[in-house]
Amino acid sequence: PLHHLARASQAELLPDPGDVFKYCHGRGIGAGVALFYMAWAWLSEHRGNFPFADRVYQRGMARKAAPVDRLAARYREFQRRMYRRALNAAAASGIT
């Protein structure tokens, strides 16, 4: 299973890296590993798919992927980025 996660970490080199994560998730590969969800959420966030990144973090938290404290910390960081993003968008549009 660890070699599958190593492949998932190289997913960004592929034309559609999300396919690797979808494939692994569909087969339960990495389901209990926090790094799997953190990498998938990172990819989704950096591709601008913020709602999906949020769902990925939630999925990992629901599965209690280990180490769960590290996953929870990354999820909180993501939530702070999304909050700042919303504030910046509101400021740019003149909404206070």
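Residues numbered from 1 in each chain as written. Predicted model: local features only at pLDDT ≥ 70, side-chain atom pairs only at ≥ 80, totals over all residues. Heavy atoms only, no water.

(A) A look at helix H5 (residues 68-92). Relative to the 36 Å expected for 25 residues at 1.5 Å per residue, H5 spans 36 Å between its end C-alpha atoms, a close match to the ideal helical length. All buried positions along H5 are accounted for by Leu-71, Ala-72, Tyr-75, Phe-78 and Met-82. Close packing links the buried residues of H5 with helix H3 (34-46) and helix H4 (50-62). Following H5 by one or two positions, Gly-94 has its phi on the positive side, about 85°. (Helix = DSSP H or I, 4+ residues; strand = E, 2+ residues; numbered from the N terminus. Expected span 1.5 Å × (residues − 1). Buried < 20%, exposed > 50% of the residue type's maximum accessible area, 1.4 Å probe, protein only. Contact = heavy atoms within 4.5 Å.)

(B) Main features of the side chain of Ser-44. Summarising the element assignment, Ser-44 is placed in helix H3. Looking at Ser-44, the relative accessible area reads 6%, which means it is buried. Sequence-distant contacts of Ser-44, defined by excluding residues within four places in its chain, comprise Asn-49, Phe-50, Phe-52 and Ala-53.

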